[in-house]
Amino acid sequence: MFQFCNLCHSNVAEGGHAIGGRRWVGLSMVLLQLLVPRIAPAQESFSATQKSGQQLMVRNGNGSKDVQNAVPVDPKYAIGPQDILSISVWKEPDLTQTVVVRPDGRISLPLVNDVQAAGLTPMQLAASVTAELRKYLADPRVTVVVTQINSQRIYVLGEVNKAGTYALFPGMTLLQALSSAGGFTQFADVKKIYLLRTENGGQVKFLFNYKEVVHGRAPEQNIALKTGDTIIVP
């Protein structure tokens, strides 16, 4: 730096303003070229760090299979045929199973063979399996989780975009079921929707006027559904 200043001073003293100016520009370009390689790696490092942070956020998000397969089940929910259950035994990986409840309402597990599942809550089934496993293990700890509800179904038919069978979730309403069916076709008469329900061996009909319900004028029509309910959109 000292030599550079002497050179500039020498150029001015000799009256070589034009030559000194050109040398000044030339030296500036050299300095800039020396600085660029130092800046670029820093920018690359920042970009790599930023990308790494984004990947970490993705990995730490709610993308795990356990979270995706979780089903909001009421503690009083009664297990039914075709439900899928995850049964885990603490520190016993060989006994941890994912099972489907058979049409007869029973499940098969290692050591305990057939166990009645239908009609029980997850906690009651866990207690039943625990009692059976005590014959073979000192202190079995059993957890039962319903990963898929297949026993409780409702049906949406008629002028909807996705007519078919749907799982009935706790507290599900008629309006929510229609939403699951993807809305209405252009031919739907949304003022004359009705629900059919079997009660005491007979069939009961509930009317549902979509226009009134969505405008808050008839909230009592948006009833909670029961398994086997059939919604018809004419």
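What comes next is a walk through the structure.

Each value, and the rule that gives it
- Residues numbered from 1 in each chain as written.
- Predicted model: local features only at pLDDT ≥ 70, side-chain atom pairs only at ≥ 80, totals over all residues.
- Heavy atoms only, no water.
- Helix = DSSP H or I, 4+ residues; strand = E, 2+ residues; numbered from the N terminus.
- Buried < 20%, exposed > 50% of the residue type's maximum accessible area, 1.4 Å probe, protein only.
- Contact = heavy atoms within 4.5 Å.
- Phe/Tyr/Trp six-rings, centres within 6.5 Å; stacked < 30°, edge-to-face > 60°.

**Regarding the overall build of the protein**
In terms of helices and strands, the protein carries 6 helices and 10 strands. Relative to its 234 residues, the protein shows a buried fraction of 28%. In the protein, of all internal contacts separated by at least 6 residues, the share reaching a separation of at least 24 is 49%.

**A word on the packing of aromatic side chains**
Applying the stated criterion across every chain yields a total of 1 aromatic pair. Their ring planes at 75° and their centres at 4.9 Å tell us that Phe 184 and Tyr 210 sit as a pair that is edge-to-face. Of the two residues, Phe 184 sits in the loop between helix H5 (174-180) and strand E8 (193-199) while Tyr 210 sits in helix H6 (residues 210-214), which places them 26 residues apart along the sequence.

**Comments concerning unusual backbone geometry**
In the Ramachandran plot, Gln 82 falls in the positive-phi region, its phi being about 75° despite a non-glycine side chain. Among the structural elements, Gln 82 can be located in the loop between helix H3 (65-68) and strand E1 (84-89). With a phi angle near 65°, Lys 91 is a residue other than glycine that sits in the positive phi range. Within the fold, Lys 91 resides in the loop between E1 and strand E2 (97-100). The class for Lys 91 is exposed, based on a relative accessible area of 62%.

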